[in-house]
Amino acid sequence: MQKTTDFSQGKVWRNIVAQSIPLILAQLVQLLYNVVDRIYIGHLPGADSMALTGIGLVFPLTTLIAALTFLFGTGGTPLFSIARGAGQEERAGKILGNTFSLLLGTSVVMFFLCYLFRRPVLYLFGASDASYVYADAYLKIYLWGTPFTMLATGLNGFINAQGFPRMGMMTTLLGALLNLVLDPVFIFWLDMGVGGAAFATVISQAVSCIWVLWFLTGKKALLPMKKKDLRVDGKLAKEIMALGMSGFIMQGTNCLVQVVCNATLKVYGGDLYVGVMTVINSTREILGLPVSGITSGAQPVLGYNYGAKAYGRVRQGIRFTAALGIGYTLFAWLLVLLTPHLLLSIFTEDAAMIEAGVGAMRLYFFGFFFMAFQFTGQSAFTALGDSRHAIFFSLLRKAVIVAPLTVLLPKFGFGVDGVFLAEPVSNAIGGVACFVTMYVTLYRRLNCREKSNHMVEF
């Protein structure tokens, strides 16, 4: 048990890999919830590309729900790891209980708001009369799973933070495999179409949620969730949200960018290019998943060692995370350059969409390796509790760079290509700025603290 829960022991890179691999698999399975839906929907008989376009219009709302999940989940988990590393088990238990309550309360509010105002919101997001039919059919069912989604995703990190990454992987494995089986049943066999995909997803999310709650309230958890810790502590809630704000802003600005992209593409390219962006976003989620998993898997290791004042091990973890992330994203970029037709055909058989998507995909993924710089810097800031820098760089890349460029580049002669060019420009500027700042303000400071520790020991 000691080997699986004490991240201050053993080689740092092995601890990170041990955390990351199950987490990547879990996130991959989690991604299947939505990606499998898109694959089936993209091949619906007689729907052409319009059904896929409709699903793309739902993305901003699902991303907003994910943003709120990140606000509490990615805020609570690092605090939980730091408290465990410092031996503060009572505080760690309160963090877990408060995170649960915040997730549950927010999910109920989001369900009612999104359900009641879904029509005007979808048209605001760029829906046409043709695409709205598909978007509404999916969203009005999908929203019923909001509490399940937020609890399962937001609390799963606490399983990993206690040293049980395989159990965390099972959280999404059970639900996603069920979704994989139920999708064709509801979509084709029961002839429910787009609504069937949403219904299968809700059932799958419920199963994942039940698994998480079963583990975190059971005897296997090192720090099980207790009833006395569920009462929200205002001060602690502020700490959770302050640290989780970077994750919220990162996802929230993704929501903003998706809205701006869909609205701009509707003007310059029509429904076809909204569908193309849906496919490209799906591909980015898949290809970006390993580097996201690596940096997420590193967070509890970095946070634990930081709490234990093992600053040299924190620096080792940051170096390893950066090297592995950059190496992988270079490979992913090459894959996109060589096989764009294959990647597009996974989601659609529409010849017009594939033809338009090849050039758009190559533009969008240009310099993809810069994403690793952003993820590494962001992860280090979050893991060590530096919410100020984490929030700033979340805003910089999406709200300050991508969203304005998405609107301006098409007007400056780039047309529809300008929408797809905004992403690589933001990756390069935002990624490098985030990583360099992390190195100067955090990494070098850890080196000074490590030397101070040696002097005290001497």
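Just so it is clear, the model here is predicted, and its values are computed rather than measured.

**Details of helix α14 (residues 351–364)**
Next, step 1: End to end, α14 covers 20 Å across 14 residues, agreeing with the expected 20 Å (1.5 Å per residue, within 8%).
Next, step 2: The sharpest bend along α14 reaches about 35 degrees and sits at G357.
Next, step 3: Its side-chain oxygen placed 2.9 Å from the backbone nitrogen of A352, D350 serves as the N-cap of α14.

**A few points about the packing of helix α8 (residues 165–189) against helix α9 (residues 193–216)**
Next, step 1: Interhelical geometry of α8 versus α9 gives an angle of 155 degrees and a closest axis separation of 8 Å. Our classification of the angle between α8 and α9 gives roughly antiparallel. Viewed along their axes, α8 and α9 form a crossing whose handedness is right-handed.
Next, step 2: Residue classes in the contact of α8 with α9 are distributed as 16 nonpolar, nine polar and one charged.

**Thoughts on the packing of aromatic side chains**
Next, step 1: Using the criterion set out here, one finds 24 aromatic pairs in the structure.
Next, step 2: Relative to Y132, the ring of Y123 lies with its centre 5.1 Å away and its plane at 20 degrees, an arrangement referred to as stacked.
Next, step 3: Take Y132: its relative accessible area is 10%, and that puts it in the buried class.
Next, step 4: Between F370 and F373, the aromatic rings sit 6.1 Å apart at their centres with planes inclined by 35 degrees, giving tilted as the arrangement. A residue pair is termed a helical-turn pair when its members lie 3 or 4 positions apart in one helix, as F370 and F373 do in helix α15 (residues 370–383) at three residues.

**Regarding unusual backbone geometry**
Next, step 1: Its identity is not glycine, yet D191 carries a phi of approximately 55 degrees, on the positive side.
Next, step 2: Along the chain, D191 turns up in the loop between α8 and α9.
Next, step 3: The phi dihedral of K309 falls on the positive side, at around 65 degrees, and the residue is not glycine.
Next, step 4: Mapped onto the fold, K309 is located in the loop between α11 (271–307) and α12 (311–338).
Next, step 5: Residue class for K309 comes out exposed when judged on its relative accessible area of 55%.

**With respect to the environment of V358**
Next, step 1: Structurally, V358 is set in helix α14.
Next, step 2: Considering only alpha carbons, one finds V358 and E285, 73 residues apart in sequence, at a separation of 17 Å.
Next, step 3: Beyond its immediate sequence surroundings of up to four residues, V358 is in contact with P340, H341 and L344.

**A look at the nonpolar core**
Next, step 1: Core analysis: the largest hydrophobic core is formed by 102 residues, its most contacted members being Y138, L155 and F420.
Next, step 2: Considering each element in turn, this core owes the most residues, 14 residues, to helix α3 (residues 50–85).
Next, step 3: With near-sequence residues (within four places) excluded, L155 lies in contact with L96, T99, F100, L103, M150, V212, L213 and L216.
Next, step 4: Residues A298, Y304, A380 and L442 belong to the second largest nonpolar core, which totals 24 residues.

**Looking at the environment of T278**
Next, step 1: With respect to the helices, strands and loops of the structure, T278 is situated in helix α11.
Next, step 2: Taking C-alpha positions, T278 is 9.2 Å from G54, a pair spaced 224 residues apart along the chain.
Next, step 3: Setting aside residues no more than four positions away along its own chain, T278 makes contact with L52, G56 and F59.
Next, step 4: A polar side-chain atom of T278 sits 2.9 Å from the main-chain carbonyl oxygen of V274.

So, how was this worked out
Residues numbered from 1 in each chain as written. Predicted model: local features only at pLDDT ≥ 70, side-chain atom pairs only at ≥ 80, totals over all residues. Heavy atoms only, no water. Helix = DSSP H or I, 4+ residues; strand = E, 2+ residues; numbered from the N terminus. Expected span 1.5 Å × (residues − 1). Bend = angle between axes of the 7 residues up to and from the residue. Polar contact = N/O pair within 3.5 Å; in protein donor to acceptor, adjacent residues only side chain to side chain. Axes fitted to C-alpha atoms, helices over the stretch in contact; angles between N-to-C directions. Parallel < 35°, antiparallel > 145°, perpendicular 65-115°, else oblique. Left-handed = near helix turned anticlockwise from the far one by under 90°. Nonpolar A, V, L, I, M, F, W, Y, C, P; charged D, E, K, R; others polar. Phe/Tyr/Trp six-rings, centres within 6.5 Å; stacked < 30°, edge-to-face > 60°. Buried < 20%, exposed > 50% of the residue type's maximum accessible area, 1.4 Å probe, protein only. Contact = heavy atoms within 4.5 Å. Core = buried A, V, L, I, M, F, W, Y, C linked by side-chain atoms within 4.5 Å.

Structural measurements only, silent on function.
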